[in-house]
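Analysis of the macromolecular model
Residue-level listing of the chains:
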Amino acid sequence: MKKKDWMVFAALAVAAVAARAGQMLTGFDDTGLPVRGNVFGILLPVVLAAAAVYFCLAARGLSAERSDKRGLADRFRFSGMASVTAAVCGAFLVLAGAGMSVLNTASTLTLLLAVFDAASALCLLYAVFGLYRGGEVQGMALLVPVCALVVNLILRYRADASDPVLGHVYVELLALAALTACALELAAFAFRNGSPRVFLPLAALSALLAAAAASEWQSMPYTLLFAGSALLALGFLAATRLEE
């Protein structure tokens, strides 16, 4: 992204995180019902909508073609410390969140999700180091995060379906949906079928929504999972060479 786009992203991310944290603190009464007219609850959807519009417009000059002659290593170059650090730290945060989930629960379903999350983080680490060394990355490895996120989205949606207050769950579900779409588009580049015009807004929105979800601070594993996912999306976004 251009320097101007990074500045806009930073401003929107700070606004989204602050709005979601403020909403969680002041936007619901003692019974869990939304407080009418809460400024944070009103601001957050506005920030998210503005981010979606801005990054879709920012990507309009990129190629929309899915028949790409360039491989994954041509589109993503982990040559700078910022991109490598963000991606590696993000993967380790996801691994830490998965480990804490295993320690904090005896639920078979939670253990299964933790295994999927850990496998996803390890596959992305493999991709980052492979691209950093300039080697080839097996496309099948990038399908693992897609499968893990699909399972996460389905199970969390089923768990959240019983909550009558949309404000409690919509950020989490949007974040998981965006991360799933972003992971799928990233995997598409490994098979020379990715679209730069689609990936840019997906990666930016994934990072922003995941950061907002992390600011809910529901539990330590939950926060680590979304904070790590936000950093991973940021790392790949910083490594993009989509204009070439």
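Each remark here, short or long, concerns the structure printed above.
Residues numbered from 1 in each chain as written. Predicted model: local features only at pLDDT ≥ 70, side-chain atom pairs only at ≥ 80, totals over all residues. Heavy atoms only, no water.

1. Some remarks on a nonpolar patch on the surface
Heads up, the rule is: Each patch groups residues whose relative accessible area exceeds 30% and which form no salt bridge, using 9 Å between like charges and 5 Å between nonpolar side chains of Val, Leu, Ile, Met, Phe, Trp and Tyr. Computed with a 1.4 Å probe, the accessible areas rest on the Shrake-Rupley method; for each residue, only the protein chains presented here act as cover. One speaks of a salt bridge when a side-chain nitrogen belonging to Lys or Arg is within 4 Å of a carboxyl oxygen belonging to Asp or Glu. Helix and strand definitions follow DSSP, with helices as H or I runs of at least four residues and strands as E runs of at least two, each counted in order from the N terminus.
Together, I42, L43 and V46 make up a nonpolar patch on the protein surface, roughly 270 Å² of accessible area in all. One can find V46 in helix 2 (residues 39-58).

2. A look at the packing of helix 8 (residues 196-214) against helix 9 (residues 220-238)
Using the following cut-off: Note on definitions: angles span 0 to 180 degrees between N-to-C directions of axes, and those axes are lines fitted to C-alpha atoms, for helices only across the stretch in contact. Each angle is binned into one of four classes, with values under 35 degrees roughly parallel, values over 145 roughly antiparallel, values of 65 to 115 roughly perpendicular, and all other values oblique. In a left-handed crossing the near helix is turned counterclockwise from the far helix by less than a right angle, and in a right-handed crossing that turn is clockwise. Any two residues whose heavy atoms approach within 4.5 Å are treated as being in contact.
Following both chains from N to C, one finds helix 8 and helix 9 inclined at 155°, their axes separated by 8 Å at the closest point. Viewed along their axes, helix 8 and helix 9 adopt a mutual orientation that is roughly antiparallel. For the crossing formed where helix 8 meets helix 9, the hand is left-handed. Between helix 8, through F199, L200, A203, A204, S206, A207, A210, A211, A213 and A214, and helix 9, the contact on the second element is made entirely by Y222, T223, F226, A227, S229, A230, A233, L234, F236 and L237.

3. With respect to the nonpolar core
Under the convention used in this document: In these notes, a set of buried Ala, Val, Leu, Ile, Met, Phe, Trp, Tyr and Cys residues joined through side-chain atoms within 4.5 Å is what counts as a nonpolar core. Relative accessibility decides the category of a residue: with a 1.4 Å probe and only protein chains considered, values under 20% of the type maximum give buried, values over 50% give exposed, and everything between is partly exposed.
The biggest cluster of nonpolar side chains holds 65 residues, and the ones touching the most others in it are F199, F226 and F236. Elements with a minimum of two residues in this core: helix 1 (3-26), helix 2, helix 4 (81-104), helix 5 (108-132), helix 6 (143-160), helix 7 (166-190), helix 8 and helix 9. With 13 residues, helix 8 is the single largest residue contributor to this core. If we ignore the near neighbours within four places in the chain, the residues touching F236 are F76, F78, L124, V128, L131, L186 and F199.

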